[in-house]
Amino acid sequence: NAGVTQTPKFRILKIGQSMTLQCAQDMNHNYMYWYRQDPGMGLKLIYYSVGAGITDKGEVPNGYNVSRSTTEDFPLRLELAAPSQTSVYFCASTLESLVFFGPGTRLTVL
Amino acid sequence: AQSVTQLDSHVSVSEGTPVLLRCNYSSSYSPSLFWYVQHPNKGLQLLLKYTSAATLVKGINGFEAEFKKSETSFHLTKPSAHMSDAAEYFCVVSDGSNTGKLIFGQGTTLQVKP
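Residues numbered from 1 in each chain as written. Chains lettered and ligands numbered in written order. Predicted model: local features only at pLDDT ≥ 70, side-chain atom pairs only at ≥ 80, totals over all residues. Heavy atoms only, no water.

## Some words on the pattern of salt bridges
Residue and element names in this part refer to chain B. Our working definition: Take a side-chain nitrogen of Lys or Arg and a carboxyl oxygen of Asp or Glu: if they are within 4 Å of each other, that pair is a salt bridge. Relative accessible area decides the class of each residue, using a 1.4 Å probe on protein chains only: under 20% of the type maximum gives buried, over 50% gives exposed, and in between gives partly exposed.
Summed over all chains, the structure comprises six salt bridges over all chains. For lysine 101, the salt bridge is made with aspartate 95, and the minimal N-O distance between the two is 3.4 Å. Residue lysine 101 shares its accessibility class with aspartate 95, and that shared class is buried.

Dropping the structure here:
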């Protein structure tokens with residue numbers, strides 16, 4: 001199993017640009033999550049999904065959108081990038097109480 | 001609502017000396033608690049987890065944590081620090097909704113001096 005994979009690893013965006021952060025897992029987990037980690041801080045939940053076709057907001061959803069058309073994929077969309085979205089983004093999936101994190105995407109908005 | 005507070009933002013120890021990273025939690029139910037480690041520019045690795053079994057939890061790399069309900073604490077310890085232990089450590093609590101959502105503490109940076 002590849003586990004949780006994320007692409008790209010790094011990205012620089014200009015203000016107002018849009019992009020999609022990709023996340024996939026091959027463990028057939030129903031629960032998936034997007035977190036962001038700002039410098040010197042813990043992770044904060046952006047969106048989560050409890051299964052294909054079901055998504056819900058987390059603690060910091062503003063400026064983001066998600067979709068979950070399949071069990072495997074959970075992309076995160078930034079429509080109008082802002083400097084405040086400069087962060088490291090982690091995707092995760094869960095089996096019972098065990099959370100598997102992806103390697104992260106480092107995004108800079110200039 | 002569930003929350004965790006890591007009492008030290010930065011801890012510095014000498015190699016070979018004990019490590020203590022402090023975490024207090026707030027929860028309206030019996031929580032699931034975790035410690036994660038993050039090495040520089042790396043992802044998160046699970047050190048250990050508590051899910052209402054034994055109160056003393058042993059993790060990887062010689063770390064362990066003790067769940068103390070009376071003190072609402074879940075401190076992380078290691079008898080002897082190694083240089084490779086230098087990293088960021090996060091105390092984490094599940095949000096109790098059965099959706100697997102996690103609530104992270106602010107993190108503690110562990111520095112290990114030779």
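## Details of the sheet that holds strand S1 (residues 4–7) of chain A
Residues and elements named next belong to chain A. Selection rule: A strand pair is defined by DSSP finding two or more bridges across the two strands. Numbering of helices and strands starts at the N terminus; helices are DSSP runs of H or I of at least 4 residues and strands are runs of E of at least 2. Axis definition: a line fitted to C-alpha atoms, over the contacting stretch in the case of helices. Angles run 0 to 180 degrees between N-to-C directions.
With antiparallel pairing, the four strands of this open sheet are ordered in space as S1-S3-S8-S7. This sheet does not close on itself; its edge strands, each paired only once, are S1 and strand S7 (64–66). Across the sheet, the axes of successive neighbouring strands diverge by a mean angle of 20°, strand direction being ignored. As judged from the three bridges shared by strand S3 (residues 19–25) and strand S8 (residues 76–78), these two strands associate in the antiparallel manner. Within S8, the position partnered with threonine 20 by the bridge is arginine 77.

## Regarding unusual backbone geometry
Note that the residue after A:Thr7, namely A:Pro8, is joined by a cis bond; omega there is -5°. Within the fold, A:Pro8 resides in the loop between S1 and strand S2 (10–13). The phi dihedral of A:Asn28 falls on the positive side, at around 60°, and the residue is not glycine. Residue placement: A:Asn28 occurs in the loop between S3 and strand S4 (31–37). With phi around 60°, B:Asn61 is a residue other than glycine that occupies positive phi space. Assignment of secondary structure puts B:Asn61 in the loop between strand S7 (56–58) and strand S8 (64–68).

## Describing the interface of chain B and chain A
Worth spelling out the cut-off: Contact between two residues is taken to exist if any of their heavy atoms lie within 4.5 Å; hydrogens are not considered. Accessible area that two parts lose when put together, evaluated with a 1.4 Å probe and summed over both, is termed the buried area. Under the rule applied, a polar contact is a pair of N or O atoms within 3.5 Å (in protein, one hydrogen donor and one hydrogen acceptor; residues adjacent in sequence only if both atoms are side-chain atoms). Each residue gets one label: Ala, Val, Leu, Ile, Met, Phe, Trp, Tyr, Cys and Pro are nonpolar, Asp, Glu, Lys and Arg are charged, and the others, such as Gly, are polar.
At the junction of the two partners, chain B supplies 19 residues and chain A supplies 19 residues. Overall, the association of chain B and chain A removes approximately 1500 Å² of surface from exposure, summing both partners, and the carbon and sulfur fraction of that is 57%. For the pair chain B and chain A, the interface holds zero salt bridges. At the boundary of chain B and chain A, one finds four residue pairs in polar contact (both at pLDDT 80 or more). Sorting the residues of the side of chain B that touches chain A by element identifies strand S5 (33–38), strand S6 (44–50) and strand S11 (102–104) of chain B as the ones contributing at least two each. Taken together, the residues that form the side of chain B that touches chain A break down as seven nonpolar, nine polar and three charged.

## What about the state of the cysteines?
What counts is decided by this rule: Disulfides are defined in this document as cysteine sulfur pairs within 2.5 Å.
Evaluated as defined, the whole model comprises two disulfides over all chains. Linked covalently through their sulfurs, A:Cys23 and A:Cys91 form a disulfide whose S-S length is 1.8 Å. Taking the sign of the torsion about the S-S bond as the criterion, the disulfide between A:Cys23 and A:Cys91, at about -70°, is left-handed. Placement of the pair is A:Cys23 in strand S3 and A:Cys91 in strand S9 (residues 87–95), with a sequence separation of 68 residues. Across the pair, exposure class does not vary: A:Cys23 and A:Cys91 are buried alike. Between the sulfur atoms of B:Cys23 and its disulfide partner B:Cys91 the distance amounts to 2.0 Å. Linking B:Cys23 and B:Cys91, the disulfide has an S-S dihedral of approximately -70° and is accordingly described as left-handed. Linking B:Cys23 in strand S4 (residues 23–26) with B:Cys91 in strand S10 (residues 87–94), this pair joins segments that are 68 residues apart in sequence. For the pair formed by B:Cys23 and B:Cys91, the shared burial category is buried.

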